[in-house]
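# Report on the structure
Here's the letter readout for the chains.
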There are 2 protein chains.
Amino acid sequence: MVRPTLKKQISNLQEAIKETAWGQITEFGAPALSLRAIARELKITAPAIYNYFPDRDALVTALIIDAYTSFGDSQLEARDSVSENDYVGRLKAIGISYRQWAHTYPQRYELLFGTPIPGYAGPLEKIFPSSARSISALFSTVESIRAAGKLNVDSSPKVKDEYKSHYEVWEKYFSDVHSQSMYVAMMIWARVHGIVSLEIKGNLPPFGKKGDTLYMFELESTARQFIKE
Amino acid sequence: MVRPTLKKQISNLQEAIKETAWGQITEFGAPALSLRAIARELKITAPAIYNYFPDRDALVTALIIDAYTSFGDSQLEARDSVSENDYVGRLKAIGISYRQWAHTYPQRYELLFGTPIPGYAGPLEKIFPSSARSISALFSTVESIRAAGKLNVDSSPKVKDEYKSHYEVWEKYFSDVHSQSMYVAMMIWARVHGIVSLEIKGNLPPFGKKGDTLYMFELESTARQFIKE
DNA sequence: AGTGTAAATATACACTGTATAGTAAAATCT
DNA sequence: AGATTTTACTATACAGTGTATATTTACACT
């Protein structure tokens, strides 16, 4: 038999491949991802996958985009779970959710912010939209703080004109976010990312279930620095 | 010929293997590291490497320790390049050097803080000493600030008693660093690490040669937060 | 001189991604 | 309805990987 009859085919193989990939990533970690292993589990041959993804990197890219979407969903949900004018509350909720998601899906976090796939270099232009969407929860919150005149401008970073060209993609995508908000949001993102990354990788001691050791402190002092009053 | 005569042998093969590995990591990136490729370059066979490293992971561990040593050297040098009582200066010098080293050796930085080797999980207890040494420049500086009574205790994190057990390894290794200094130093480390990581991976726009876009701002506002006056 | 050990080679196995060619089922067109 | 084209696979093969095992020989020591 060279091609199975329709009945025996997996209805949505593209989706099935991704799901199997996620299963293996969850179970064995992202580095162990293998097209052949996926094929074995789906009882097809490895080259069959090439009908749906031109190569392994394309599959990884698709997985990354999915992960960013899941991550972005949780970020937006966290933002919207707090009333719009509770700025500190929104920042904190986003921060807590950031760490929460990373702890719930450590392998996905690794896939997004580590480099677990050997030789994989993602095409940034394909990934950017889903990546930017996931960070937009934070960006929009900071912007709403600025719009309300509550952004502590004195303690906000500025970017010299000569470097502004590098920010064009961002300015374009976040056209409704003021530059100043963007810079502040980038700083906050970096702080959250740094502390979560070090904790997840085990470079820092675990912060406890609610992150109440060092993490909550960082969220609070960051909010205090950038928000007036 | 099964074993070459001594004259034709590479005098220090262990060292030569590591050097060749570094060469390949620098040229092709850490993920492309291959025992067989190293062997080819050294004109030996791949299994010969097993006389010096029990497996690939052991070689990677050795490389990581070397990288931490190089990184630690640059951190300590940066600290000692500024006079002992210039606290802000020392913090800044360490931070600048952190980013500098990452940009000079992006592949080594990747090796230390990313996860570029598929399936590699380093034995933390072997790596910890060289890792802790590299971070000791920052830790000792914060401690000297605290000892001088210039640490802004109000804005310093505290760790609840119930979590203190996780910090034992650290307390033990940094027995001459006060807990409070340790917590502050960890926060600073996380901030620096986060912003450098995102920049290096391309998630944030480049900060320019001197890091004067967002990076210097973060160093300064961090120093301002934790140091009195 | 003979023996034991150390350091390499030779060979082999199981695995990876992927290129190419062949084939049968399904879809389309006449 | 029958012929043709396209689709979705399988089969096979290649070059690469880490690593286990057995073999061989150079060297050190007694």
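Residues numbered from 1 in each chain as written. Chains lettered and ligands numbered in written order. Predicted model: local features only at pLDDT ≥ 70, side-chain atom pairs only at ≥ 80, totals over all residues. Heavy atoms only, no water.

On to the overall build of chain A, then. The number of helices and strands found in chain A is nine helices and zero strands. Order of helices (α) and strands (β) in chain A, N terminus to C terminus: α-α-α-α-α-α-α-α-α. Dimensions along the principal axes, computed over C-alpha positions, put chain A at roughly 75 × 40 × 30 Å. For chain A, with 229 residues in total, the buried portion stands at 54%. Once local pairs closer than 6 in sequence are excluded, the contacts in chain A between residues at least 24 apart make up 72%. (Helix = DSSP H or I, 4+ residues; strand = E, 2+ residues; numbered from the N terminus. Buried < 20%, exposed > 50% of the residue type's maximum accessible area, 1.4 Å probe, protein only. Contact = heavy atoms within 4.5 Å.)

Next up on the list: the interface of chain A and chain B. In this assembly, 49 residues from chain A lie in contact with 49 residues from chain B. Taken together, the connections running from chain A to chain B amount to twelve residue pairs in polar contact (both at pLDDT 80 or more). Residue contributions to the side of chain A that touches chain B peak at twelve residues, all from helix H8 (residues 179-201) of chain A. Tallied by class, the residues present in the side of chain A that touches chain B amount to 26 nonpolar, 15 polar and eight charged. (Polar contact = N/O pair within 3.5 Å; in protein donor to acceptor, adjacent residues only side chain to side chain. Nonpolar A, V, L, I, M, F, W, Y, C, P; charged D, E, K, R; others polar.)

Let us look at the confidence of the model for chain A. With 95% of its residues at a pLDDT of 70 or more, chain A has an overall mean of 92. In the model of chain A, helix H5 (residues 106-113) of chain A stands out as the element of lowest mean pLDDT, 92, in contrast to helix H4 (residues 87-104) of chain A, which has the highest, 98. (pLDDT = per-residue confidence, 0-100.)

So, on to empty space enclosed by the protein. On inspection of all chains with the given rule, the structure shows two cavities of 30 Å³ or more. Considered as a void within the structure, the largest cavity measures approximately 140 Å³ in volume. Taken together, 15 residues form the lining of the largest cavity, with Leu91(B), Gly95(B), Ile188(B), Val192(B) and Leu219(B) sitting closest to its centre. When residues of the lining of the largest cavity are traced back to their parent elements, those giving at least two are helix H4 (87-104), helix H6 (124-147), helix H8 (179-201) and helix H9 (215-226) of chain B. Of all the elements, H4(B) adds the most residues to the lining of the largest cavity, at five residues. By residue class, the composition of the lining of the largest cavity is ten nonpolar, three polar and two charged. Counted as a void, the second largest cavity has a volume near 120 Å³. Contributions of two or more residues to the lining of the second largest cavity are made by H4, H8 and helix H9 (215-226) of chain A. Among the elements that line the lining of the second largest cavity, the one with the most residues is H4(A), at five residues. The residue makeup of the lining of the second largest cavity, split by class, is nine nonpolar, three polar and one charged. (1 Å grid on protein atoms, 1.4 Å probe; cavity = no way out; pocket = protein on both sides within 12 Å on 5 of 7 lines; lining within 4 Å. Points joined across faces, edges and corners; volume = space filled by probe spheres on them.)

The two copies are related by a screw operation: chain A maps onto chain B through 180 degrees of rotation and 0.0 Å of translation along the axis, at an RMSD of 0.0 Å. The operation mapping one copy onto its partner corresponds to a two-fold rotation axis. Every residue of chain A has its C-alpha some distance from the rotation axis, and the shortest such distance is that of Gly194(A), at 1.7 Å. Looking at chain A, 100% of its interface residues are interface residues in chain B too, so the copies touch through the same face. (Least-squares fit on C-alpha atoms with pLDDT ≥ 70 in both.)

Attention now goes to the environment of Lys150(A). Residue and element names in this part refer to chain A. Looking at the element boundaries, Lys150 is found in the loop between helix H6 (124-147) and helix H7 (168-173). Judged by relative accessible area, Lys150 falls into the partly exposed class, the value being 29%. Each C-alpha atom, one on Lys150 and one on Gly211, is 27 Å from the other, the two residues being 61 residues apart in sequence. Sequence-distant contacts of Lys150, defined by excluding residues within four places in its chain, comprise Tyr87, Ile145, Phe226, Ile227, Lys228 and Glu229.

Moving on, we get to the domain arrangement of chain A. All names here are of chain A. Under the domain assignment, chain A is made up of domain 1 (11-53) and domain 2 (57-226). Look at where the C-alpha atoms of domain 1 and domain 2 centre, and you get two points 30 Å apart. For the pair domain 1 and domain 2, the two sides together bury roughly 1100 Å², of which 78% comes from carbon and sulfur. The interface formed by domain 1 and domain 2 includes one salt bridge. Where Asp66 meets Lys18, a salt bridge forms, and the shortest distance between an N and an O atom there is 2.9 Å. (Domains from an automatic or database assignment. Buried area = accessible area lost by both parts, 1.4 Å probe. Salt bridge = Lys/Arg side-chain N within 4 Å of Asp/Glu carboxyl O.)

Because an α-helix completes one turn every 3.6 residues, residues spaced three or four positions apart along the sequence face the same direction. Residues and elements named next belong to chain A. Helix length check: H4, at 18 residues, gives a terminal C-alpha distance of 25 Å against a target of 26 Å (1.5 Å per residue), a fit within 8%. Within the span of H4, buried status applies to Tyr87, Gly89, Arg90, Leu91, Ala93, Ile94, Gly95, Ser97, Tyr98, Arg99, Trp101 and Ala102. Buried residues in H4 make contact with helix H3 (56-80), H5, H6, H8 and H9. (Expected span 1.5 Å × (residues − 1).)

Another aspect to go through is the packing of H4(A) against H9(A). Each pair of packed helices gets described by two things: the angle between the helix axes and the distance between those axes. Residue and element names in this part refer to chain A. For the pair H4 and H9, the least separation of the axes is 10 Å and the interaxial angle reads 145 degrees. For the pair H4 and H9, the crossing hand works out as right-handed. From H4, Val88, Leu91, Lys92, Gly95, Ile96, Tyr98 and Arg99 reach across to H9, where they touch Tyr215, Met216, Leu219, Glu220 and Ala223. For the contact of H4 with H9, the class distribution of residues is eight nonpolar, one polar and three charged. (Axes fitted to C-alpha atoms, helices over the stretch in contact; angles between N-to-C directions. Left-handed = near helix turned anticlockwise from the far one by under 90°.)

On to the pattern of salt bridges. All names here are of chain A. All chains considered together, the criterion is met by 22 salt bridges over all chains. Put simply, Glu143 and Arg146 hold a salt bridge, and the shortest N to O gap is 2.9 Å. Here Glu143 pairs with Arg146, and both are found in helix H6, just three residues apart, close to one helical turn. Here Arg146 falls in the partly exposed class, since its relative accessible area comes to 26%. Several salt bridges share partner residues, and in doing so they unite Arg79, Asp80 and Arg90 into one network.

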